[in-house]
Every structure is written in C-alpha cells, then in structure tokens.
Amino acid sequence: QADTLLPCGVYLFVLKPDNSFIQILIPENDQQFTVSTDAKDAVNKMKIKGSDDNALFYEYLQYLGKMREQADTLKAQMGRIKGNVQDSLTLVKKSTELDKAVKKYQADLLLKHQGTLTAKIIKSSIEPEVPEFSGKDEREIQTKKYFWYRAHYFDNIDISDPCLLRSPVLHPKIDQYITKVAPQHPDSINAALDFVIDKLKGSPENYKFYLIHFLNTYAKSNVVGMDACYVHIAKKYYCTGGASWVKKEDLDKICDNARRLDPILIGKIAPNIVVKNRLDQPVSLWDVDADYTVLFFW
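What this report covers is the structure whose coordinates are included nearby.

Criteria and thresholds
Residues numbered from 1 in each chain as written. Predicted model: local features only at pLDDT ≥ 70, side-chain atom pairs only at ≥ 80, totals over all residues. Heavy atoms only, no water. Helix = DSSP H or I, 4+ residues; strand = E, 2+ residues; numbered from the N terminus. Rg over C-alpha atoms; globule rule 2.2 N^0.38 Å. Contact = heavy atoms within 4.5 Å. Areas by Shrake-Rupley, 256 points an atom, 1.4 Å probe, with all protein chains shown as cover. Axes fitted to C-alpha atoms, helices over the stretch in contact; angles between N-to-C directions. Parallel < 35°, antiparallel > 145°, perpendicular 65-115°, else oblique. Left-handed = near helix turned anticlockwise from the far one by under 90°. Nonpolar A, V, L, I, M, F, W, Y, C, P; charged D, E, K, R; others polar. Buried < 20%, exposed > 50% of the residue type's maximum accessible area, 1.4 Å probe, protein only. Phe/Tyr/Trp six-rings, centres within 6.5 Å; stacked < 30°, edge-to-face > 60°. Pairing = 2+ DSSP bridges. Salt bridge = Lys/Arg side-chain N within 4 Å of Asp/Glu carboxyl O. Expected span 1.5 Å × (residues − 1).

For the protein chain, the count of helices and strands is 10 helices and six strands. For a compact globule of 298 residues, the expected C-alpha radius of gyration is about 19 Å, and the protein chain comes in at 27 Å, more than 25% above that figure. With the C-alpha coordinates of the protein chain rotated into their principal frame, the extents come out at 85 × 65 × 40 Å. Across the protein chain, the fraction of contacts at a sequence separation of at least 24, relative to all contacts at a separation of at least 6, is 45%. Carbon and sulfur atoms form 55% of the exposed surface of the protein chain, whose accessible area is close to 20,000 Å².

Spelled out as structure tokens, the structure:
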C-alpha cells in the first residue's frame, strides 16, 4: 500500500554488538524485495530478489571490492621497490589502467541504468574534470581552474533530490562546498549558502533540512565573524516567512537575536556608546579622535 512506503534513500541494517551495518537501497517505487547475506561478508555474499536497483548496487560494490584488492596489491608492490625505475614505471602504468577501468565501468553503468538510485549515487561521487586553461602565469591559470570548478561543482549531483538526502553522498558534498570550496569569509560563505539554498527551494524536505542545519551550524560556530552567517540566514529566510515550520515564539527569538547581532558584526560601525568618566562627564565613543580605539568591558 502507498501509505506503507518508506521515504526513498539508503537504509542501514545495524548489527549488534559491533554496530557493523549492511546498506540497502529503498528506491521510490521499488520496495518489495528480499535480501539474504552473511553478516561476516555482507557485500560478497549478498543475494537480492525482486529489486533490480539493489542487485545493480551490490554488483557495483562487489566490482569495487575486487578492484580495490588489485589496487592494494599494486600499492604494496610499490612500497617494496627501491630504486628500480623500470618496475616502478610498470606498476604506475598498471595503476593508471586500473583507474581507467573503474571509470569506464562507471560510465557504462550510468549510460545503461539512468534514473536508478545506484546511478545517482555513483554519479555524485565523480568529480567534474577541470579543463586546461591558459594564462600569463600559474596563479592566473589556477584562479581560472578554481572558478570553473566552483561553477561546475554540482554538475554530477541533483542536491534537490529527496532520495539523496537519506544517503551518504549528499551531506559531504554540500558541506565541502560551503566549508572548503567557498572562501572562508562571511561574505563568500553567505553567497555560497544562497546558491545552495536556491537550488533546494524546489524540494521542501531538503530545503528545510539544510536551512535548519546551516542556522544551527553558524549559531554554534566558535570562529570569530561567523555570526554574520547566522544573521544572514535568519534575516533572509527565517524572518521573511521562509521557515513556516518554526513556532512563532521560536521564530521571534531567532529574529530578535539576529536584530541584536546585526549592528555589532565585524566591519560595521560600532554603536555610539556613551559612558561617564570619573568626573561624571559623558564621553561618547564617536567623539574619540584616534586611529584605534579599544573598549575594555569588565
């Protein structure tokens, strides 16, 4: 029945006592199937009945396992070679061929099984290949590569897909974009946040999850200046009706907090604090004529 369907995504059977787990795909319209395996060798002993997507997924995992064994063997052989250039070149060539074989396997699978959850997961793990650029110096070339990479970062993943919200691929992808790809300055982070959130607006579940996640992340940040990201999210999305799930009293607290923080963010002109000196005369912060002014609160 439709009301018994699980939200699509990647689910885990967590096993006691060591909390090892077995991954199972739950596609949107492919949820009637059976699985059997050996917990000690879950991937290689996995048997699927009634789910083409899961059968494809485990076929891929088994293939990766075999290729990883070969890669580990080559790595161990490389470690034992000392100064033998010819053998080193031979092993490097084998390693390159191994990498090409994996990429071809992935490309063939994506072409043949478009739309499957397996294909979405595999495609999301493939990094966009940055083209070659020319420039007057290496710095200009690297800058061009960076801006291309940033613009094409999400080419291989639909971050608005609710199935990927319950998968191991979406969160690391978004987290890396915000915390590594975007320059770690509040202005750049805010632009990156807007870019991501705009892509999520067509998916209520993903939009809600990440809006909550980002607000909480920057509310708890211990990095100086990142409160500007909290204020940005609160003012642009929460305080303009973009977070309808929040209770009124909680929303009022968020918006009040953002309004209080806004005028004292780094880069803003400090409020004109007026205090009295020991002679009981008023002294205004803005009247202090100095290159630098230090306020000491106690």
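Still more ground to cover, so stick around.
Right, let's talk about the packing of helix 7 (residues 186-200) against helix 8 (residues 204-219) for a bit. How two helices sit against one another is set out by the angle between their axes and by the gap between those axes. For the pair helix 7 and helix 8, the least separation of the axes is 9 Å and the interaxial angle reads 160 degrees. Comparing their axes, helix 8 and helix 7 come out roughly antiparallel. Between helix 7 and helix 8 the crossing geometry is left-handed. Packed against helix 7, whose contacting residues are Ile189, Leu193, Val196, Ile197 and Leu200, the element helix 8 presents Asn206, Tyr207, Tyr210, Leu211, Phe214 and Tyr218 at the interface. For the contact of helix 7 with helix 8, the residue count by class is 10 nonpolar, one polar and no charged.

Note on placement: Tyr60 falls in helix 1 (residues 52-80). We classify Tyr60 as buried; its relative accessible area is 8%. Remark: the alpha-carbon pair of Tyr60 and Thr118, spanning 58 residues in sequence, is separated by 8.6 Å.

Attention now goes to the packing of aromatic side chains. Across all of its chains, the model carries 15 aromatic pairs by this definition. Between Tyr60 and Tyr105 the ring centres are 6.1 Å apart and the planes differ by 25 degrees, which places this aromatic pair in the stacked class. Taken together, the residues Tyr60 in helix 1 and Tyr105 in helix 2 (residues 85-112) connect sequence positions 45 residues apart. Consider the rings of Phe296 and Trp298, whose centres lie 5.7 Å apart with planes at 25 degrees: the pair is stacked. Considered together, Phe296 and Trp298 belong to a single accessibility category, that of exposed residues.

The omega torsion across Lys16 and Pro17 is 5 degrees, close enough to zero to call that bond cis. Within the secondary structure layout, Pro17 lies in the loop between strand 1 (9-15) and strand 2 (20-26). Look at Asn19: it is not a glycine, yet its phi comes out positive at around 60 degrees. Within the element layout of this structure, Asn19 appears in the loop between strand 1 and strand 2. Of note, the phi angle at Asp280 is positive, near 65 degrees, even though the residue is not glycine. Examined against the element boundaries, Asp280 turns out to sit in the loop between strand 5 (274-276) and strand 6 (282-284).

Turning our eyes to something else, we now look at the pairing of strand 2. Bridging between strand 1 and strand 2 involves seven bridges; their strand directions are antiparallel. By the bridge assignment, Val14 is partnered in strand 2 with Phe21.

Enumeration over the complete set of coordinates arrives at 12 salt bridges. As a salt-bridge pair, Lys248 and Asp252 come within 2.9 Å of each other at their nearest N and O atoms. Of this pair, Lys248 and Asp252 both sit in helix 10 (residues 248-261), separated by four residues, roughly a single helical turn. A residue is classified by how much of its surface remains accessible, and Lys248, at 60% relative accessible area, is exposed. Judged by its relative accessible area of 38%, Asp252 falls in the partly exposed class.

The next thing to look at is helix 7. Look at helix 7: 21 Å from first C-alpha to last across 15 residues, which is about the 21 Å you get at 1.5 Å a residue. Every buried residue of helix 7 is listed here: Pro186, Ile189, Asn190, Ala192, Leu193, Asp194, Val196, Ile197 and Leu200. The inward-facing, buried residues of helix 7 contact helix 6 (170-181), helix 8 and helix 9 (227-238).

Geometry only, nothing functional implied.
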